[in-house]
Structures are given as C-alpha cells and as structure tokens.
Amino acid sequence: MPVIKILPHHEYCPEGAEITAPAGTSICEALLDNDIQIEHACDMSCACTTCHVIVRRGYESLNAPGEEEEDLLDRAWGLEPQSRLSCQAILAHSDVTVEIPKYTINHARENH
C-alpha cells in the first residue's frame, strides 16, 4: 500500500502524519479515513476546491487530472503546478507527499 506523507498543517494535522491507503483510493478519502478532516464541501463530487492539496512528491504516480478538475483548480487558493483536488487524485502504488494549503476559498465550514 502506498504511504501518504502529510506535511504539517496548523489545523488539520499540526504534527504532520504518514498514513497508508490502498491503491485506487482518492487522497481525500484516505485523509478522512485517517481522521484528517480536510474540507470537502461538495462531498467529493469535483464541484469545489476546498479539498485542494499540493503534491510535493509522487505527482506523476497519480491519475491525470481531468478537464473539469483543471478548470476548478483555477479558483483554488495558492494554486501551484502540482496542485490537485484531493477528491480526484487517485493513488497508484507509489508513495506521495502532500501539503494542505493554509486557506481555502470556503467562507464557512461545516463538519462532515
């Protein structure tokens, strides 16, 4: 199973973490399954950017982003060339390192 290394984030993962998830799992699902409560306002339907992550290592091992994801990413806070919507980024067999940006475009947050 691939390892996902999450860099420290002041709210979601202050100490950082390393988790495992089966290949074929989205990064968002893996984070949520391991009690890292990343925002996902659209319920992982590729309709917002609140689950935006920056893939610092292993980007090339993920599935390619689709056109809809690329269009949405244009609205993400802190967009970088290796940005992905974690609900659309599907793990293969390689390890990845992700950074959760400090902010999202979400003005209000609900507990999911």
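See above for the structure.
None of these values were measured; they are calculated from a predicted model. (Residues numbered from 1 in each chain as written. Predicted model: local features only at pLDDT ≥ 70, side-chain atom pairs only at ≥ 80, totals over all residues. Heavy atoms only, no water.)

1. Things to note about the overall build of the protein
Right, on to step 1. Looking only at helices and strands, the protein has 2 helices and 5 strands in total.
Right, on to step 2. Of the regular secondary structure in the protein, the N- to C-terminal order runs β-β-α-β-α-β-β.
Right, on to step 3. For 112 residues, the compact-globule estimate of 2.2 N^0.38 gives 13 Å, and the protein sits close to it at 12 Å.
Right, on to step 4. For the protein, buried positions account for 43% of its 112 residues. (Helix = DSSP H or I, 4+ residues; strand = E, 2+ residues; numbered from the N terminus. Rg over C-alpha atoms; globule rule 2.2 N^0.38 Å. Buried < 20%, exposed > 50% of the residue type's maximum accessible area, 1.4 Å probe, protein only.)

2. Concerning a negative patch on the surface
Right, on to step 1. Taken together, the side chains of E67, E68, E70, D71 and D74 make up a negatively charged region of the molecular surface.
Right, on to step 2. Residue position: D74 is located in the loop between helix 2 (67–73) and strand 4 (83–85). (Patch = residues over 30% accessible without salt bridge, like charges linked within 9 Å, V, L, I, M, F, W, Y side chains within 5 Å. Areas by Shrake-Rupley, 256 points an atom, 1.4 Å probe, with all protein chains shown as cover. Salt bridge = Lys/Arg side-chain N within 4 Å of Asp/Glu carboxyl O. Lys, Arg positive; Asp, Glu negative; His and termini not counted. Charge placed at Lys NZ, Arg CZ, Asp CG, Glu CD.)

3. Side note on the pairing of strand 1 (residues 3–6)
Right, on to step 1. What you see with strand 1 is a clean split: I4 and I6 sit on the buried side and V3 and K5 on the side with no burial.
Right, on to step 2. Direction of pairing for strand 1 relative to strand 2 (residues 17–20): antiparallel, over a ladder of 4 bridges. Bridged to K5 within strand 2 is E18.
Right, on to step 3. Two strands pair when backbone bridges link them, and strand 1 and strand 5 (residues 96–99) are joined in this way by 3 bridges, in the parallel orientation. Following the sheet pairing, I6 is matched in strand 5 by V98. (Pairing = 2+ DSSP bridges.)

4. Looking at the environment of V55
Right, on to step 1. Relative to the elements of secondary structure, V55 occurs in strand 3 (residues 52–57).
Right, on to step 2. Each C-alpha atom, one on V55 and one on S83, is 6.1 Å from the other, the two residues being 28 residues apart in sequence.
Right, on to step 3. Not counting residues within four places of it along the chain, the set of residues in contact with V55 comprises L62, Q82, R84, T97 and V98. (Contact = heavy atoms within 4.5 Å.)

5. Quick word on the pattern of salt bridges
Right, on to step 1. Counting across every chain of the model gives 3 salt bridges.
Right, on to step 2. The shortest N-O distance in the salt bridge between R56 and E80 comes to 2.7 Å. With R56 in strand 3 and E80 in the loop between helix 2 and strand 4, this pair connects stretches of sequence that are 24 residues apart.
Right, on to step 3. Taking the relative accessible area as the measure of exposure, R56 reaches 35% and is therefore partly exposed.
Right, on to step 4. Across the pair R84 and E69 runs a salt bridge whose closest N-O atoms are separated by 2.7 Å. Here R84 is found in strand 4, whereas its partner E69 is found in helix 2, with 15 residues between them in sequence.
Right, on to step 5. Overall, the relative accessible area of 0% leaves R84 in the buried class.

6. What to know about the side chain of H9
Right, on to step 1. Within the fold, H9 resides in the loop between strand 1 and strand 2.
Right, on to step 2. Owing to a relative accessible area of 3%, H9 belongs among the buried residues under this scheme.
Right, on to step 3. Engagement of the side chain of H9 in a polar contact is seen with the backbone oxygen of P101, the distance being 3.1 Å.
Right, on to step 4. Discounting chain neighbours no more than four positions away, the residues touching H9 are P14, I100, P101 and K102. (Polar contact = N/O pair within 3.5 Å; in protein donor to acceptor, adjacent residues only side chain to side chain.)

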